[in-house]
Amino acid sequence: MGRAIQPRSKIPSMKYGSVHAFRSTPTPTSTLRSVLTSKKVIKMSRPLHRGVPAIRVTSSSNGLLDSQVKEQIEKEELDRNQSSHRFPFWSLFSDNSPLTKYDATDNGFASDPFIVGTPRSRHRLTILLLKSSLVVIVILALTGSFWWTLSISTSSRGHIFHSSRRLQEQLVSDLWDIGELSFGTSRMKEIEFCPGELENYIPCFNVSENLDSGFSDGNEYDRVCRQGSRQNCLVLPPMNYKIPLRWPTGRDIIWVANVKITGQEVFTSGSLTKRMMMLEEEQISFRSASLMFDGVEDYSHQIAEMIGLRNESNFIQAGIRTILDIGCGYGSFGAHLFSEQILTICIANYESSGSQVQLTLERGLPAMIGSFSSKQLPYPSLSFDLLHCARCGIDWDKNDGSFLIEVDRVLRPGGYFVWTSPLINVQSSLRNKEKQKRWNFVRDFAENLCWELMSQQDETVVWKKTSKKTCYNSRISGSGPSICSKVQDVEFPYYRPLQNCIGGMHSRRWVPIEERATWPSRSNLNPSELALYGLHLDELNEDTANYRIIVRNYWSLLSPLIFSDHPKRPGDEDPSPPYNMLRNVLDMNARYGGLNAALLEARKSVWVMNVVPTTGPKYLPLILDRGYFGVLHDWCEAFPTYPRTYDMVHAEGLLSLESSQHWRCTMLDIFTEIDRMLRPEGWIIIRDAALLIDSARVLTRRLKWEARVIEIESNNDERLLICQKPFFKRQPS
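These numbers come from a predicted model, not from an experiment. (Residues numbered from 1 in each chain as written. Predicted model: local features only at pLDDT ≥ 70, side-chain atom pairs only at ≥ 80, totals over all residues. Heavy atoms only, no water.)

With that settled, the discussion passes to the overall build of the protein. Check the secondary structure of the protein and you find 20 helices and 21 strands. For the protein, the proportion of contacts with a sequence separation of at least 24, taken over those separated by at least 6, is 70%. When the accessible surface of the protein is split by element, carbon and sulfur atoms take 53% of a total near 33800 Å². (Helix = DSSP H or I, 4+ residues; strand = E, 2+ residues; numbered from the N terminus. Contact = heavy atoms within 4.5 Å. Areas by Shrake-Rupley, 256 points an atom, 1.4 Å probe, with all protein chains shown as cover.)

Below is the structure:
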């Protein structure tokens, strides 16, 4: 692996009120803090401390002196060990505490061993006295505070408790700073970079290990999160990686070096959207009106007519807002429909090279790795208005029709399944008995699922899922899959094995798409819909209002930072509002989808991957019913996406949620996964309890992030941590 050089940019200091930005060069012994008040003022102090080298003692030619020094050091070490046994509190600051990565602090964070150099005896004695004095001061302060608190009157306790809490938080911060001054950089060792061959590494997807475990018939590409699948290193970008072009230019032009694909894969590809790519030196261009075949616009128009609509602009009026595109090529179908306010998410199998998901995400379009091979998708039942498969590579007639049953589970009542395949061509099937047999199986199985065959043209067929539950009871006995029992019908499956029964029938969300409000009114659920989730309209309105303010503050904070670090590039138009610098956004704890709603209301041209943690409240169906996209995920596992996927990662309350679960994994595990998913120069915004943010700030140094902590005056119990991932370039070996 080549050597990584210093990042090309730092987070500049900033004055919020005047929207002014300037660069500051960090000094080796300084610390960075900033405070954001409700009056929109940020106060800056010292930048982050990166540390100084440890002191090294040189050898002496005098053997007697060496012997004396050695005896003196051994004696001091013995005294020090005895002292540590006499004073348990000393271990908090001890240089040689036997910590492992599984040791935890009071807050539940896993600690890492401190690596300390060999100082001179005088220096060691000075540090020893400093630490002893600090311990005595802390003990006296806490003792005095205790007796003083007992003596105050009842009427003033509330105010004093508030002030005492602020003092305790300041004490924690000061302890960290004093620890840095005494230990230097050795206290928090930075994480190393991964080898070059891991530049596209995705944990939980290891084909060779799956084959060794006996997986076959395509199941070797399944997601399997084994113990120790994570790599404790930072994934570097490819050699010639470049920051993606601004949206919407980046939708049609991407850098070849940013994705793992060869020119041969571009030219020999036969799928509908892959043939639209044109390789031009360092770039790949996508054209939606290629002369090689009928364009995506004509194809979308054909589907609309088969459904009974005039054109694709009428999808919204027909109740179609969210589409799951299976085996999407490189996302051109969704890219075209985006202008019609249709949200299309691409899912495709894991591919080590030429990945559909990676290229789709690089274009700024929604995508994630997903498979129909053996597990249910991590979406609730009744989630999508339309499922689309154009030569998606899935044999729907295999596995006793369980793939079609999974399509039925995630499809809303009255929703559509669109399938384009040579197998559907009538003339071709008549000449090939095997093709005809396979087509007959799919057609008959769809009928037994109570799907209505709406239209069939050339190689495309459209089915409509029934809106009436009575259809299932009118089937001939034994003619199709049975209805799942309440035990089998799990509304929130998380990679469960595929079922052979019809799911979603017991859900209270069984509402035909024609009866739902059309977009964008759908995003504002009515009281009866909210009642299904135990929510009141006031709660949703309050969440929406809060996120309006939050988004406005985020953008006010990030705008001068983005434009000070990103001047106009050759060929770019003059930058409009800062939303064009951010396109792919990940919300790690989405709750009701409030961040997504506020971004769209503010006309930010972004899409949001709303993630609902498996350990938190299950509001994912609410997010999907509002017309957004979301997925269920366990953040102690790797997210099913490629490195350098997102421009911004947002997490509100996630650390508190994980700490309430007694930290099944470490905070550092979560942060290294964020670093893997985040593109160079991408942003992380974490809002959480003050003590958790203080601990998170320390970890950002290990990850080489440029970080600042911002206090929220309207809520003294919370803080904001804003970080930027530097752009480390790999140098040739």
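Looking now at the pairing of strand 12 (residues 411-420). Most of strand 12 is tucked away, with ten of its ten residues classed as buried. Crossover strand 11 (residues 384-390) to strand 12 through helix 10 (residues 402-410) is right-handed. Looking at chain direction, strand 12 and strand 14 (residues 460-465) are connected through five bridges and run antiparallel. Residue Y416 lies in a different strand from strand 14, and its bridge partner there is K464. (Buried < 20%, exposed > 50% of the residue type's maximum accessible area, 1.4 Å probe, protein only. Right-handed = clockwise from strand over helix to strand, strands pointing away. Pairing = 2+ DSSP bridges.)

Attention now goes to the side chain of S300. Tracing the backbone through its elements, the reader meets S300 in helix 7 (residues 296-307). Relative accessible area serves as the criterion here: at 0%, S300 is assigned to the buried category. Each residue touching S300, except ones within four places of it in the same chain, is listed here: E312, F315, F333, H336 and L337.

Scanning the model with the defined rule gives 23 aromatic pairs in all. Between the aromatic rings of Y350 and Y642, the centroid separation amounts to 6.4 Å while the plane-to-plane angle is 15°, which identifies the pairing as stacked. Separated by 292 residues along the polypeptide, Y350 in the loop between strand 9 (343-348) and helix 9 (356-362) and Y642 in the loop between strand 17 (630-633) and strand 18 (646-652) bring together distant segments of the chain. Assessed through its relative accessible area of 14%, Y350 is described here as buried. On the basis of relative accessible area, Y642 is assigned to the buried category, the value being 2%. The ring of F286 has R363 sitting right over it, with the charged end atom 4.0 Å from the ring centre. Above the face of the F338 ring, R583 is positioned so that its terminal group lies 4.5 Å from the ring centre. (Phe/Tyr/Trp six-rings, centres within 6.5 Å; stacked < 30°, edge-to-face > 60°. Lys NZ or Arg CZ within 6 Å of the ring centre and 35° of its normal.)

On to the confidence of the model for the protein. Across the protein, the average pLDDT comes to 77, with 69% of residues at 70 or higher. Per-element confidence in the protein is highest for strand 16 (residues 607-613), whose mean pLDDT is 98, and lowest for strand 2 (residues 20-22), whose mean pLDDT is 32. Low pLDDT, under 50, characterises residues 289-294; the predicted model gives this stretch four contacts beyond four residues in sequence or across chains. (pLDDT = per-residue confidence, 0-100.)

As a further point, take the pattern of salt bridges. For the coordinates displayed, the defined rule picks out 27 salt bridges. In this structure, the salt-bridge partner of R409 is E406, at a minimum N-O distance of 2.8 Å. Placement of both R409 and E406 in helix 10 is noted, with a separation of three residues, approximately one turn of the helix. Here R409 and E406 have matching classes, each one buried. Ionic pairing is found between R687 and E718, a salt bridge with its closest N-O pair at 2.9 Å. Of this pair, R687 sits in strand 19 (residues 678-689) while E718 is found in strand 21 (residues 718-724), placing the two residues 31 residues apart along the sequence. In this structure R687 comes out as buried when scored by relative accessible area, which is 15%. Ionic contacts of the salt-bridge type, sharing partners, join the residues D385, R412, E491, R509, R516, R522 and D625 into one network. (Salt bridge = Lys/Arg side-chain N within 4 Å of Asp/Glu carboxyl O.)

Looking now at the state of the cysteines. Counted by the stated rule, this structure contains seven disulfides. Across the disulfide, C204 is cross-linked to C225 (sulfur-sulfur distance 2.0 Å). Between C204 and C225 the sulfur-sulfur dihedral comes to about 110°; the bridge is accordingly right-handed. Here C225 lies in the loop between helix 4 (207-212) and helix 5 (249-252) and C204 lies in the loop between helix 3 (157-183) and helix 4, a separation of 21 residues in the sequence. Residue class for C225 comes out partly exposed when judged on its relative accessible area of 30%. Two residues, C450 and C471, share a disulfide whose sulfurs are 2.1 Å apart. (Disulfide = S-S within 2.5 Å.)

Let's shift gears to helix 16 (residues 594-601). Where burial is concerned, most of helix 16 is hidden: six out of the eight residues are buried. Within the span of helix 16, buried status applies to G594, L595, N596, A597, A598 and L599. Two residues or fewer past helix 16, R603 is found with a positive phi of approximately 60°.

This brings us to the sheet that holds strand 15 (residues 584-587). One open sheet holds the seven strands; their spatial order is 17-16-15-18-19-21-20, and the pairing between them is mixed. If you trace the sheet from one side to the other, it starts and ends with strand 17 and strand 20 (706-711), each paired once. Pairwise comparison of adjacent strand axes, ignoring direction, gives a mean angle of 20° for this sheet. Here six bridges tie strand 20 to strand 21, and the two strands are oriented antiparallel to one another. In the strand pairing of strand 21, A707 is matched with C723. In the packing of helix 16 onto the sheet, contacts are made with strand 15, strand 16 and strand 18, and the angle to strand 16 comes to roughly 165°. Packed on one face of the sheet, helix 19 (residues 667-677) meets strand 15, strand 18 and strand 19 and runs near 145° to strand 19. (Axes fitted to C-alpha atoms, helices over the stretch in contact; angles between N-to-C directions.)

What follows is about the pairing of strand 8 (residues 322-326). Most of strand 8 sits out of view: five of its five residues are buried. Relative to strand 9, strand 8 runs parallel, the two being bridged by five bridges. Its bridge partner lying in strand 9, L324 is registered against I345. Each parallel crossover has a hand, and the one from strand 8 via helix 8 (residues 332-338) to strand 9 is right-handed.

Here the focus is the sheet that holds strand 12. As summarised here, the arrangement of the seven strands in space is 10-9-8-11-12-14-13, forming an open sheet in which the pairing is mixed. Strand pairing shows two members of the sheet lacking a second neighbour, strand 10 (367-369) and strand 13 (451-457), which therefore form its edges. Within this sheet the neighbouring strands show an average axis-to-axis angle of 20°, counted without direction. Set on the sheet, helix 10 makes contact with strand 11, strand 12, strand 13 and strand 14; between it and strand 12 the angle comes to about 135°. Packed on one face of the sheet, helix 12 (residues 433-448) meets strand 12, strand 13 and strand 14 and runs near 20° to strand 14.

With that out of the way, let us pick up the packing of helix 19 against helix 20 (residues 690-702). Orientation of helix 19 relative to helix 20, taken along the N-to-C sense of each, is 55°, at an axis distance of 11 Å. Here helix 19 is positioned oblique relative to helix 20, judged by the angle of their axes. Crossing of helix 19 against helix 20: the hand is right-handed. Contacts between helix 19 and helix 20 involve M667, L668 and F671 on the former and, on the latter, L692, S695, A696, L699 and R702. A class-by-class count of the residues in the contact of helix 19 with helix 20 yields six nonpolar, one polar and one charged. (Parallel < 35°, antiparallel > 145°, perpendicular 65-115°, else oblique. Left-handed = near helix turned anticlockwise from the far one by under 90°. Nonpolar A, V, L, I, M, F, W, Y, C, P; charged D, E, K, R; others polar.)

A separate point is the nonpolar core. Generally speaking, nonpolar side chains in soluble globular proteins are found buried as a group. The biggest cluster of nonpolar side chains holds 94 residues, and the ones touching the most others in it are W396, F417, W419, M609 and F671. With six residues, the top contributor of residues to this core is helix 19. Among residues more than four places away in sequence, those in contact with F671 are L655, I686, A696, L699, L703 and W705. F315, V418, V612 and L620 belong to the second-largest nonpolar core, a separate cluster that totals 30 residues. (Core = buried A, V, L, I, M, F, W, Y, C linked by side-chain atoms within 4.5 Å.)

Here we come to a nonpolar patch on the surface. Nonpolar side chains collect at one region of the surface, where L125, L128 and L129 lie side by side and expose about 270 Å² of accessible area between them. Relative to the helices and strands, L128 is located in helix 2 (residues 121-151). Residue classification places L128 among the partly exposed residues on the basis of a relative accessible area of 35%. (Patch = residues over 30% accessible without salt bridge, like charges linked within 9 Å, V, L, I, M, F, W, Y side chains within 5 Å.)

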